[in-house]
Amino acid sequence: MNIDWNKFEMVAIGAIGFTSFMVVVYSFGVRFLTNAQNQEAAAKKGDAKAARSELANRIAAYALFALSAAVLAYGVFIMFETMYTKK
Amino acid sequence: MDSAFLVVAAVVAIALFFDFTNGFHDTANAMATPIATGALRPKTAVAIAAIMNLVGAFLGTAVAKTISTGMFNEGVNVLPQMVFAGLTGAVVWNLLTWFLGLPSSSSHALFGGLVGAGIAYSGFASINFANMVEKVVIPALFAPFIAAVAAFVATRLAYVITMRSDAQRAATGIATGRGKYRYGQWFSSSLVALAHGTNDGQKTMGVITLGLIAGGVISADAGVPLWVMVSAAIAIAAGTYAGGWRIIRTMGSGLAEIKPAQGFAAETSTGSAILASSIFGFALSTTQVASGSVIGAGLGRRGGAVRWSKAGQIVLAWFFTLPASALVGAASAWLTHIGTVGLIIDGVLMIAVSIAIFQVSRRNKVNHHNVRSEVEGAAKTVASPRQVRKEAEAAAAAAKKAAKKSTKKGGKK
C-alpha cells in the first residue's frame, strides 16, 4: 500500500488556509460596515467628520465583501478547472 | 424482454433511489446551520440546496471514476446483481439513520453495501482494499478533523475581528454586527451544496456506470454516459428538495448552538474541504466533514458548547455505517444469488422496509414547520425586501379591515 500523504497535507492546508482567508476578509467587511452604520446618524445630522468616516468605512466594507465573493468564485473555478484537466 | 436487461434496469432504478435518499439525508450538510441561525427560511434553503446540487453533479467525474473503477480488484467479475445487493444495504442504512436523525455517511453506506455484496459473491480477495483505505478510510478519519480545525480557527478569527469591548459598546453604542454573517451564509451554504452535488452526485454516477459495465452495456474504459449524469443529478436534487428535516434538526441545533458567525465559518470550512478533496478523487463523506465543521465552530466561540452526548451518538453511527451496511449488502447478495426470484424478493423486501420506516416516521413528523422549534435562541429569519413589503401590506390590509369593522359597529350603535 502506497499512501500519498502529500495529497492529504495539501487538502488540509488548502481547507484551513482558504477558510481562514475567506472568514478574515468577510469579518473585516462586517466590522467596517458596522462602523459605517453606527456613524450614519451623526453623518445625517451634518457632522462632516462622521460623514467622511462613514463613507470610508462603507467603501472598505463593500470592497472586502466583493473581494471575498471574487476569491470564492476564483477558488471554485480553479478547483473545477483542475478536475476537468485531470487525467 | 431479456432478463439481463431487467437486472441492469433494476440496478439503475435502485441507484437513483439511493441517490434520492442521499439527497434528503444530506440536505442538512449545507442547510442545517443557515436554517438554525435564521439566515434562510427552511423551504428557501432546501430549494437553493437542490439547485446547487443539480449544478454540482455536472461538474467533473473524478469521484465517479474512483467508484466505478477502483473498488474491486482487476479480474473480478462484478455482476449487476452484486451492485443491486450493495445498493440495498446502502438504502436501508440511509433510511434507518434518517429516521433516527443521525447524520451518518451516505457514502460509507454505499461503500459498505458494495463491499459486503462483493465479499458475499467473490470473497475478500475481490476487494481492492489498498485503494479503499487510501481513497475512503483515511479521508474518513482525516476529513472531519481537518474541517473541525478549519472551522475552529475561522470562528475564533471571526469573533476576534468583530469584537468590541464593553466600554466601547457603552460609550458609542456600537454593536458587533455579527448578524451580518447571515448574508454570508447564503453564499457559504450554497458553496457546500455545490460541493455536495459534485461529490455525492458523482458517487451514484459511478455506481450506475459500474452496473452498466457489469451488465455489459458499456465497456470498462468508457466514461460516465451523459444520461447517467443527467438522471443522477436530477435524483439528488429532488431528494435534496424533499429535505431531511430530522437530520437538519440534529445538525442545526442538536450538536451545538450555532450563531451566524459560526455558521459562516462552518460552511466555508465544509465547502473548501470537500472541494479540495474532490480534486484528488477522495470519495469523502460530506456528512462527516459538515459534522466536524459544526463541532469545530461550536468550540470556536467562547462560551459555546458542543453537546458531546449527541456527538458521541453520531460518531458511533459512523463506526457502524460500514459494517452494518456491509452486512445488509451481504445478506441481500445471498438472496440475489438465488437468481431472478431472489432479486425480486430482495427488491420487494427493500421497498417494504422503506415504506415501514416512512410510516413509523409519520408518528413523530418533523418538517419545515417545526424544524427550528427546538433551536435555542433561533434568530429572526432574514426577510427579503419583497417579503417585508408583503408582510407590511398584509398588516396594513388587516388594520384597514379592523378599522372598517369598528366604524360599522359604531354606526349601528
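Being a predicted model, the structure only gives us computed values, none of them experimental. (Residues numbered from 1 in each chain as written. Chains lettered and ligands numbered in written order. Predicted model: local features only at pLDDT ≥ 70, side-chain atom pairs only at ≥ 80, totals over all residues. Heavy atoms only, no water.)

Colleague: How should the overall build of chain A be read in this particular structure?
Modeller: Along its length, chain A carries two helices and zero strands. Counting the 87 residues in chain A, one finds 40% classified as buried. Considering only residue pairs separated by 6 or more positions, chain A has 63% of its internal contacts joining residues 24 or more positions apart. Per element, the accessible surface of chain A, about 5100 Å² overall, is 66% carbon and sulfur. (Helix = DSSP H or I, 4+ residues; strand = E, 2+ residues; numbered from the N terminus. Buried < 20%, exposed > 50% of the residue type's maximum accessible area, 1.4 Å probe, protein only. Contact = heavy atoms within 4.5 Å. Areas by Shrake-Rupley, 256 points an atom, 1.4 Å probe, with all protein chains shown as cover.)

Colleague: What should I look at first to understand the overall build of chain B in this one?
Modeller: Counting its secondary structure elements, chain B contains 15 helices and zero strands. Expressed as a percentage of its 413 residues, the buried residues of chain B come to 58%. Carbon and sulfur atoms make up 67% of the accessible area of chain B, which amounts to about 16500 Å² in all.

Colleague: Looking at this model, I keep getting lost on the pattern of salt bridges. Mind explaining?
Modeller: Pairing between side chains of opposite charge can happen when their charged atoms approach one another. Within the structure shown, the criterion is met by four salt bridges over all chains. Residue A:Arg58 pairs with A:Glu40 through a salt bridge whose shortest N-O separation is 3.8 Å. Of this pair, A:Arg58 sits in helix 2 (residues 48–85) while A:Glu40 sits in helix 1 (residues 5–44); the two residues are 18 residues apart in sequence, bridging distant segments of the chain. For A:Glu40, a relative accessible area of 29% corresponds to the partly exposed category. Between B:Lys203 and B:Asp200 there is a salt bridge whose closest N-O contact spans 3.1 Å. Highlighted residues: B:Lys203 and B:Asp200, both in helix 8 (residues 181–214), separated by three residues, approximately one helical turn. According to the relative accessible area criterion, B:Asp200 is buried, its value standing at 0%. When salt bridges that share partners are traced, they join A:Glu40, A:Glu54 and A:Arg58 into one network. (Salt bridge = Lys/Arg side-chain N within 4 Å of Asp/Glu carboxyl O.)

Colleague: Is there a simple way to explain the interface of chain B and chain A in this structure?
Modeller: When the parts of a complex come together, some accessible area is lost, and that lost area is often used as the size of the interface. Listed per partner, the contact involves 49 residues of chain B and 36 residues of chain A. Across the chain B to chain A interface the summed buried area is about 3800 Å²; carbon plus sulfur atoms make up 77%. If you look at where chain B meets chain A, you find zero salt bridges. At the boundary of chain B with chain A, the tally comes to eight residue pairs in polar contact (both at pLDDT 80 or more). For the side of chain B that touches chain A, the elements supplying multiple residues, two or more each, are helix 6 (129–161), helix 8 and helix 11 (260–279) of chain B. Among the elements that line the side of chain B that touches chain A, the one with the most residues is helix 6 of chain B, at 15 residues. Per-class residue counts for the side of chain B that touches chain A are 31 nonpolar, 14 polar and four charged. (Buried area = accessible area lost by both parts, 1.4 Å probe. Polar contact = N/O pair within 3.5 Å; in protein donor to acceptor, adjacent residues only side chain to side chain. Nonpolar A, V, L, I, M, F, W, Y, C, P; charged D, E, K, R; others polar.)

Colleague: Just checking my understanding: could you explain the confidence of the model for chain B for this structure?
Modeller: Close inspection of predicted coordinates is inappropriate in any region flagged by low pLDDT. All names here are of chain B. This prediction gives chain B a mean pLDDT of 82; 88% of its residues lie at or above 70. The low-confidence segment residues 374–384 (pLDDT under 50) makes 26 contacts with residues lying over four places distant or belonging to another chain. Our summary of model confidence lists the complex with pTM equal to 0.79 and ipTM equal to 0.89. (pLDDT = per-residue confidence, 0-100.)

Colleague: I keep staring at the nonpolar core and nothing clicks. Help me out?
Modeller: Within soluble globular proteins, side chains that are nonpolar tend to cluster in buried spots. Counting 65 residues, the largest nonpolar core has B:Val83 and B:Leu87 as the members making the most contacts within it. Among the elements that line this core, the one with the most residues is helix 1 (residues 3–37) of chain B, at 13 residues. With near-sequence residues (within four places) excluded, B:Val83 lies in contact with B:Val11, B:Val78, B:Leu114, B:Val207, B:Leu210 and B:Gly211. Listed in part, the 20 residues of the second largest apolar core include A:Leu72, B:Leu59, B:Ile146 and B:Leu194. (Core = buried A, V, L, I, M, F, W, Y, C linked by side-chain atoms within 4.5 Å.)

Colleague: What should I look at first to understand the side chain of B:Gln262 in this one?
Modeller: Residues and elements named next belong to chain B. Looking at the secondary structure, you find Gln262 in helix 11. Within the structure, the side chain of Gln262 is placed 2.8 Å from the backbone oxygen of Ala297, a separation counted as a polar contact. Contacts of Gln262, omitting those with residues within four sequence positions, involve Thr155, Tyr159, Glu257, Ala297, Gly298 and Arg301.

Colleague: For this particular structure, what's the right way to read helix 1 of chain B?
Modeller: Residues and elements named next belong to chain B. Under the 1.5 Å per step criterion, the end-to-end length of helix 1 is 52 Å for 35 residues, consistent within 8% with the ideal 51 Å. A bend of about 60 degrees at Met31 is the largest found in helix 1, and the proline Pro34 appears one to four places after it. For helix 1, the tally of buried residues reaches 25 of 35 residues, placing the bulk of the element in the interior. Gly38, located one to two residues past helix 1, shows a positive phi value of around 85 degrees. (Expected span 1.5 Å × (residues − 1). Bend = angle between axes of the 7 residues up to and from the residue.)

Colleague: It is not clear to me how helix 8 of chain B should be interpreted in this structure. Could you clarify?
Modeller: Residues spaced three or four apart along an α-helix face the same direction, because each turn holds 3.6 residues. For helix 8 of chain B, which comprises 34 residues, the first-to-last C-alpha distance of 48 Å matches the rise-based estimate of 50 Å (1.5 Å per residue) to within 8%. Along helix 8 of chain B, 29 of the 34 residues are buried, which leaves the element largely enclosed by surrounding structure.

Colleague: What exactly am I supposed to notice about the packing of helix 1 of chain B against helix 12 (residues 286–300) of chain B here?
Modeller: Packed helix pairs are characterised by how far apart their axes lie and by the angle those axes make with each other. All names here are of chain B. The N-to-C vectors of helix 1 and helix 12 enclose an angle of 25 degrees; their axes lie 8 Å apart at closest approach. Considered as vectors, helix 1 and helix 12 are oriented roughly parallel to each other. Between helix 1 and helix 12 lies a crossing whose hand is left-handed. In this structure, helix 1 uses Asp26, Asn29 and Thr33 to contact helix 12, whose residues at the interface are Thr286, Thr287, Ala290 and Val294. When the residues that make up the contact of helix 1 with helix 12 are grouped by side-chain class, the tally is two nonpolar, four polar and one charged. (Axes fitted to C-alpha atoms, helices over the stretch in contact; angles between N-to-C directions. Parallel < 35°, antiparallel > 145°, perpendicular 65-115°, else oblique. Left-handed = near helix turned anticlockwise from the far one by under 90°.)

Colleague: Help me understand the packing of helix 1 of chain B against helix 8 of chain B, please; the structure alone is not making it clear to me.
Modeller: Residues and elements named next belong to chain B. At a minimum axis distance of 9 Å, the contact between helix 1 and helix 8 shows a crossing angle of 165 degrees. Classified by the interaxial angle, the pair formed by helix 1 and helix 8 is roughly antiparallel. Regarding helix 1 and helix 8, the two cross each other, and that crossing is right-handed. Residue composition of the contact of helix 1 with helix 8, by class: 14 nonpolar, ten polar and four charged.

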